[in-house]
There are 2 protein chains.
Amino acid sequence: MDTAYHPTPRTTPTRYRDRARYDRETVHRILDESLICHLAYVKDGLPVVLPTIHTRIGETLYIHGSSGSGPMLAARLAGMPVCVTVTLVDGLVLARAAMHHSMNYRSVVAVGAARIVEDPDEKAQALHAVLNHIRPGRADDCRPPDARELAATAVLALDLDEVSAKIREGGVSDDAEDLTLPYWAGVVPVRLTAGAAVPDADLDPATPLPSYLR
Amino acid sequence: MDTAYHPTPRTTPTRYRDRARYDRETVHRILDESLICHLAYVKDGLPVVLPTIHTRIGETLYIHGSSGSGPMLAARLAGMPVCVTVTLVDGLVLARAAMHHSMNYRSVVAVGAARIVEDPDEKAQALHAVLNHIRPGRADDCRPPDARELAATAVLALDLDEVSAKIREGGVSDDAEDLTLPYWAGVVPVRLTAGAAVPDADLDPATPLPSYLR
């Protein structure tokens, strides 16, 4: 398998093409780090985009949803054209010039036809991976789904084929003639951080905090 | 003006309707807190969703972009149907049952026809607000755009009319019969946090850190 995805018209940015990345490792890392994705599809000719939980197994992106939710119902009919976007914000870029303000970010856009996962084994593996995507190790440390719960849950699969990443990193890019202006310029890094775990009120106080949450 | 938006078929969730909110104050707060939005539109019948920077003035959502970018070019022709979604992740919800795992989040979905802002005053105000959205106070503490820079920048406007928020908060919701299972259950709060500001290498070391970054 190639180490990179092949750019197509749909995965070539119209702007800042130098920020585009196609190597699989970069794409995978961004998909794996993000807690959520934004799933877009077309309904009655109009765009819809909703946040949802995803995971990745190899070169397949799995998206979790309820069997009764809008996109799952639409996808049941046929392969549904989707665009899935994941975005990690890494910093605020404050330039001397108003128009050079920006954000540091890493994003992935994946397009293609999504299918509903029908095979029970593939579905079980995908749901297992969704739990481990929340926290690695969690899938084996909870009650597995029963038949009724599995029926109420749907999983969409999108093969990672038409995919690109886009990365803006580093410092400000002010024009040379602006460098002596008297404004502060630089980057404020931002990141998603986890606070202390809050146990459920009904939890037996003797239950230890799992290692994957420490 | 009503204190709430009116639900429509497009802004009524198919699932978890009890999580939907329509009051303007809740919607505004989520839009204002989020650093980015995800803008979806339809191109050649296929969905596209891209991350971008937004701001809000009253009941109008402004979306910043390059004049040459895909959505801006498409919107120039006519009012462009869009769906703009903003999502704040607040926590990982780890239930005893695999299928009750969830996230705490606050999201807003706004749909409608976006227009390119042509009026120079409205455009200037929107760009000013975009800068203050990054950090309140920044817009007046940098070099304003010149005519060439303004021409290279486009602003999309979407009137906030068909809008809903969706909120999942609180603790785990396990079934009663699962409460004595030996698995840890609870919530791990997450939030976007800012690190120490990193000054540009070319910045005069005597330049103080602005108060809005402290």
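Refer to the structure presented above.
The structure presented is a predicted model; accordingly, all values stated were derived computationally and were not measured.

## With respect to the overall build of chain A
Scanning chain A from N- to C-terminus turns up four helices and 11 strands. The buried share of chain A, taken over its 214 residues, is 54%. The long-range fraction of contacts in chain A, counting pairs at least 24 apart against all pairs at least 6 apart in sequence, stands at 71%. Of the roughly 9,700 Å² of accessible surface on chain A, 54% is carried by carbon and sulfur atoms. Taken together, the 22 basic and 28 acidic charged side chains of chain A have centroids lying 3 Å from each other.

## Here's the deal with the pattern of salt bridges
Evaluated as defined, the whole model comprises 24 salt bridges over all chains. Between R29 of chain B and E25 of chain B there is a salt bridge, with the nearest N and O atoms lying 3.2 Å from each other. One end of the pair is R29 of chain B and the other is E25 of chain B, both in helix α1 (residues 24-33) and four residues apart, which spans about a single turn. Relative accessible area serves as the criterion here: at 49%, R29 of chain B is assigned to the partly exposed category. On the basis of relative accessibility, which here comes to 56%, the residue E25 of chain B falls in the exposed class. One salt-bridge network, in which partners are shared between bridges, spans E33, D90 and R106 of chain A.

## As for the relation of the copies chain B and chain A
It takes a turn of 180 degrees to lay chain B on chain A, together with a shift of 0.0 Å along the axis; the resulting RMSD is 0.0 Å. Within this description, the copies of the chain are treated as partners about a two-fold rotation axis. Nearest to the rotation axis, the C-alpha of L192 of chain B is located 2.1 Å from it, this being the minimum over chain B. Of the interface residues in chain B, 100% have counterparts in chain A that sit at the interface too, so the contact is made through matching surfaces.

## Quick look at the interface of chain B and chain A
At the junction of the two partners, chain B supplies 82 residues and chain A supplies 82 residues. At the junction of chain B and chain A, the tally comes to four salt bridges. Here R143 of chain B makes a salt bridge to D178 of chain A, at a shortest N to O gap of 2.9 Å. Counting the contacts that link chain B with chain A gives 28 residue pairs in polar contact (both at pLDDT 80 or more). Of all the secondary structure elements, the ones that give two or more residues to the side of chain B that touches chain A are β2 (37-43), β3 (46-52), β6 (80-94), β7 (102-116), α3 (120-134), β10 (186-194) and β11 (198-199) of chain B. When residues of the side of chain B that touches chain A are assigned to their parent elements, the largest contribution, nine residues, is made by β10 of chain B. Residue composition of the side of chain B that touches chain A, by class: 53 nonpolar, 16 polar and 13 charged.

## Quick look at the side chain of D178 of chain A
Assignment of secondary structure puts D178 of chain A in the loop between β9 (162-168) and β10 (186-194). Here D178 of chain A falls in the buried class, since its relative accessible area comes to 5%. Setting aside residues no more than four positions away along its own chain, D178 of chain A makes contact with R96 and A97 of chain A together with R143 of chain B.

## Regarding the state of the cysteines
Counted according to the given criterion, the structure contains zero disulfides over all chains. Between C37 of chain B, a cysteine without a disulfide, and C83 of chain B, which holds the nearest cysteine sulfur, the sulfur-to-sulfur distance is 10 Å.

## Re the environment of Y62 of chain B
All names here are of chain B. In this structure, Y62 sits in strand β5 (residues 60-66). Considered as a pair, Y62 and I30 are 32 residues apart in the sequence and their alpha carbons are 15 Å apart. In this structure Y62 touches I53, H54, T55, I57, V117, E122, A126, V155, L156 and A157, once residues within four positions along its chain are discounted.

## Here we look at the pairing of β2 of chain B
Residues and elements named next belong to chain B. For β2, a buried count of five out of seven residues is recorded, marking the element as mostly surrounded by other parts of the structure. Relative to β3, β2 runs antiparallel, the two being bridged by seven bridges. Bridging from a neighbouring strand, V42 pairs with P47 of β3. Pairing of β2 with β6, which is carried by four bridges, proceeds in the antiparallel orientation. When the sheet's bridge partners are listed, H38 is paired in β6 with T85.

## Quick look at the packing of aromatic side chains
The full count for this structure, using the stated rule, is zero aromatic pairs over all chains. Geometry around Y16 of chain A places R19 of chain A over its ring, the cationic atom sitting 3.7 Å from the centre. The ring of Y5 of chain B carries the charged tip of R24 of chain B above its face, separated from the ring centre by 4.4 Å.

## Focus on the side chain of S107 of chain A
Locating S107 of chain A in the fold gives a position in strand β7 (residues 102-116). Classification of S107 of chain A by relative accessible area gives buried; the value is 4%. Aside from chain neighbours lying at most four places away, what touches S107 of chain A is I30, V86, T87, S164, A165 and K166 of chain A together with P51 of chain B.

## Comments concerning the environment of R56 of chain B
Residues and elements named next belong to chain B. Mapped onto the secondary structure, R56 falls in strand β4 (residues 54-57). The sequence separation of R56 and L127 amounts to 71 residues, and the corresponding C-alpha distance is 11 Å. Excluding anything up to four places from it in sequence, R56 contacts H28, L31, D32 and L160. Within the local environment of R56, its side chain forms a polar contact with the backbone oxygen of G58, the two atoms lying 2.8 Å apart.

## A few points about unusual backbone geometry
Keep in mind that most residues, glycine aside, have a negative phi and that most peptide bonds are trans. One non-glycine residue, D44 of chain A, adopts positive backbone phi at about 55 degrees. Within the secondary structure layout, D44 of chain A lies in the loop between β2 (37-43) and β3 (46-52).

Each value, and the rule that gives it
- Residues numbered from 1 in each chain as written.
- Chains lettered and ligands numbered in written order.
- Predicted model: local features only at pLDDT ≥ 70, side-chain atom pairs only at ≥ 80, totals over all residues.
- Heavy atoms only, no water.
- Helix = DSSP H or I, 4+ residues; strand = E, 2+ residues; numbered from the N terminus.
- Buried < 20%, exposed > 50% of the residue type's maximum accessible area, 1.4 Å probe, protein only.
- Contact = heavy atoms within 4.5 Å.
- Areas by Shrake-Rupley, 256 points an atom, 1.4 Å probe, with all protein chains shown as cover.
- Lys, Arg positive; Asp, Glu negative; His and termini not counted.
- Charge placed at Lys NZ, Arg CZ, Asp CG, Glu CD.
- Salt bridge = Lys/Arg side-chain N within 4 Å of Asp/Glu carboxyl O.
- Least-squares fit on C-alpha atoms with pLDDT ≥ 70 in both.
- Polar contact = N/O pair within 3.5 Å; in protein donor to acceptor, adjacent residues only side chain to side chain.
- Nonpolar A, V, L, I, M, F, W, Y, C, P; charged D, E, K, R; others polar.
- Disulfide = S-S within 2.5 Å.
- Pairing = 2+ DSSP bridges.
- Phe/Tyr/Trp six-rings, centres within 6.5 Å; stacked < 30°, edge-to-face > 60°.
- Lys NZ or Arg CZ within 6 Å of the ring centre and 35° of its normal.

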